[in-house]
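What follows is the residue order along each chain.
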Amino acid sequence: MTKRRDLLMRAMALGLATPLAGCDLEDPDHPDLADKFLHMMSAWNDRVQAALFDPHTLAPTFRPDQITQPPRFNAFYDISQVLVIDPATYKLELGGQIADKTPWTLTQLNALPQQGQITRLVCVEGWRVIGQWAGVPLAYFLRRVGADLTCRYVAFRCADGYYSSIDMASALHPQTILALQFLGQPLTPAFGAPVRLRIPTKLGFKNPKQIMQLAVTNIYPGGYWEDQGYNWFSGS
Ligand SMILES: Nc1nc2c(c(=O)[nH]1)N[C@H]1C(S)=C(S)[C@@H](COP(=O)(O)O)O[C@H]1N2
Ligand SMILES: [Mo]
């Protein structure tokens, strides 16, 4: 608790004082200042949240009988339009600061160590489900391909045009997986086939589905909802 408060105080000292100086929210010549201020606060908030993030704190896990039935899914487009990707020809592309950028087939991904979890997915639209996912721990995968773990971000691009990104500490969190299965079966297209990120320490929109490309970078990648004002860190 004390550690957290210390961190918060330090983050406030670092972040809050500087950007406020010289910022006149009432200036009629700059009507978008309030908006800029909100974005600024959101960025500051990201830094505070990142500072408070404890890489060892686990998201809650649940019993099999607590799994939500029927499961629920969500997408930013009409869900009757879900893309079907051929698992036989699928390849996960790698980009950015990664030593071995050879693309990965689904068979190769399935041959890596797998880890299961029964966790809760929380959508900002006001629903939450408990589901069971399994897949390759992202920390394992990043080490395996020789990713530069000192980089700040891991970014994802999806088949449907969706995109998102997470901070490296969250990427290395033990519950963050490249999920290949849902409820003990290979993912279906609506639930993110062939590969989706499952990161129970973050909100639903930070769990990109149908991932086509994974990149490691120091350049802030943003995200589909994040770029429309949703808080980027969105996690605990
Ligand atoms: N490719 C892709 N991934 C996505 C989305 C999307 O529209 N496209 N929606 C996000 C949102 S807003 C949520 S809440 C979760 C929902 O995950 P689920 O469909 O498994 O419930 O997926 C996230 N990942
Ligand atoms: Mo969502």
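Each remark here, short or long, concerns the structure printed above.
Source: prediction; values computed, not measured.

Visitor: I'm lost on the side chain of R198 in this one. Help?
Guide: In this structure, R198 sits in strand β9 (residues 196-198). In this structure R198 is buried but unpaired, with E226 as the nearest side chain of opposite charge at 13 Å. Separated by 3.0 Å, the side chains of R198 and T119 make a polar contact. If sequence neighbours within four positions are ignored, R198 has contacts with Q117, T119, R120, L121, W133, Q175, T176, I177, A179 and N207.

Visitor: Honestly, the side chain of K202 in this entry has me stumped. Any pointers?
Guide: Mapped onto the elements, K202 comes out in the loop between β9 and β10 (211-217). A polar contact of 3.5 Å, which involves the side chain of K202, links it to the side chain of D167. A polar atom in the side chain of K202 sits 2.7 Å from the backbone oxygen of F233. When neighbours within four sequence positions are excluded, K202 is seen to be in contact with I166, D167, S170, N207, F233, S234 and G235.

Visitor: Teacher, can you tell me more about the sheet that holds strand β2 (residues 104-105) here?
Guide: Within a sheet, adjacent strands bond to each other through the backbone by hydrogen bonds, running parallel or antiparallel. Reading across the sheet, the 5 strands line up as β2-β1-β10-β5-β6 and stay open at both edges, with mixed pairing between neighbours. The open sheet has two edge strands with one neighbour each: β2 and β6 (163-167). Taken together, the 2 bridges between strand β1 (residues 91-96) and β2 define a ladder with antiparallel strand orientation. Counterpart to L92 in the pairing with β2 is W104.

Visitor: Please explain the site of ligand 1 as it appears in this structure.
Guide: Surrounding ligand 1, one finds 19 residues, the nearest of these being N74, F76, D160, N207 and K209. Within the backbone of N74, a nitrogen or oxygen atom sits 2.9 Å from an oxygen atom of ligand 1. A distance of 3.0 Å separates an oxygen atom of ligand 1 from a polar side-chain atom of R196. In isolation ligand 1 has 530 Å² of accessible area, and contact with the protein removes 99% of it. Taken together, the residues of the shell around ligand 1 sort by class into 12 nonpolar, 3 polar and 4 charged.

Visitor: Would you take a moment to explain unusual backbone geometry for this structure?
Guide: Peptide bonds are trans in most cases, and residues, glycine excluded, mostly fall at negative phi. Geometrically, the link from Q69 to P70 is a cis peptide bond, its omega value of -5° lying close to zero. Mapped onto the elements, P70 comes out in the loop between α3 (33-52) and β1. Non-glycine residue Q210 carries a positive phi angle of around 50°. Turning to its location among the elements, Q210 is positioned in the loop between β9 and β10. Phi at S234 is positive, roughly 35°, even though this residue is not glycine. Note that S234 resides in the segment after β10. The class of S234 is buried, set by a relative accessible area of 9%.

The rules behind the values
Residues numbered from 1 in each chain as written. Chains lettered and ligands numbered in written order. Predicted model: local features only at pLDDT ≥ 70, side-chain atom pairs only at ≥ 80, totals over all residues. Heavy atoms only, no water. Helix = DSSP H or I, 4+ residues; strand = E, 2+ residues; numbered from the N terminus. Buried < 20%, exposed > 50% of the residue type's maximum accessible area, 1.4 Å probe, protein only. Lys, Arg positive; Asp, Glu negative; His and termini not counted. Salt bridge = Lys/Arg side-chain N within 4 Å of Asp/Glu carboxyl O. Polar contact = N/O pair within 3.5 Å; in protein donor to acceptor, adjacent residues only side chain to side chain. Contact = heavy atoms within 4.5 Å. Pairing = 2+ DSSP bridges. Near = heavy atom within 4 Å. Areas by Shrake-Rupley, 256 points an atom, 1.4 Å probe, with all protein chains shown as cover. Nonpolar A, V, L, I, M, F, W, Y, C, P; charged D, E, K, R; others polar.

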